[in-house]
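Architecture at a glance
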Amino acid sequence: MLRQLLSGLGLALICLGLAGCWAGAAAVATDVAIVKRTEQKHDFVHAVKEGYAKYQEEFERVDCPRQQYRISPEIIEFVKSRPPHGLDQAIELLLDIYNDKTQTADVRSHALYHVAVAYMRRRESNLDLAKGYLLTIKEEFPGTHDCVIAYLLAEIKERKAYQEQMDALEDE
């Protein structure tokens, strides 16, 4: 009986020791994940700030009215406050605004412009989608963003031509 009790106690101590090791390992893994997530959030916020500054600098050299290319600082703050999915959430919100027929034409066109720029400027850009949104603005809201749309459509054309050249070189 004493022998069974001692072996049971020994087994319990081994289990507790292992559980302690697993708990410690889990705590370390959790800490590493938190640090990694914090780094990713920091990198995301930094990339948004840097991208916004680069965009502003680029368009200050373009001869278009500021109102046509202005990105709302509130949108930038919204995106930065929700890393790493802030841009996707902002796009959804902007598309809701565009689809809300109770909003003014100016508000709706500007919301869609923000969406087009987001698809052009994100790391994994979607130039075809951006081009579609720009052409929609041009068709539905003529005169609201004509200058900047012409500039962006030319940029899309250049970027696609460059990509085709790079693809052709890879195929050789």
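Residues numbered from 1 in each chain as written. Predicted model: local features only at pLDDT ≥ 70, side-chain atom pairs only at ≥ 80, totals over all residues. Heavy atoms only, no water.

**Some remarks on the side chain of Glu155**
Counting through the fold element by element, Glu155 comes out in helix H7 (residues 146–171). Among the residues examined, Glu155 registers a relative accessible area of 15% and is labelled buried. Look past the residues within four positions of Glu155 in its chain and what remains in contact with it is Glu58, Met120 and Arg121. (Helix = DSSP H or I, 4+ residues; strand = E, 2+ residues; numbered from the N terminus. Buried < 20%, exposed > 50% of the residue type's maximum accessible area, 1.4 Å probe, protein only. Contact = heavy atoms within 4.5 Å.)

**Focus: the confidence of the model for the chain**
Chain-level pLDDT for the chain is 79 on average; 78% of the residues reach the 70-or-more range. Per-element mean pLDDT across the chain ranges from 62 in helix H1 (residues 2–60) up to 96 in helix H6 (residues 127–140). (pLDDT = per-residue confidence, 0-100.)

**Let's talk about the nonpolar core**
Among the nonpolar cores identified, the biggest contains 35 residues, and Phe59, Tyr113, Leu134 and Leu152 are the most heavily contacted of them. Elements with a minimum of two residues in this core: H1, helix H3 (73–80), helix H4 (86–99), helix H5 (105–121), H6 and H7. Of the residues forming this core, the biggest block, 9 residues, is contributed by H5. Ignoring sequence-local partners within four residues, the contact set of Leu134 consists of Tyr113, Ala116, Met120, Ile149, Leu152, Leu153 and Ile156. (Core = buried A, V, L, I, M, F, W, Y, C linked by side-chain atoms within 4.5 Å.)

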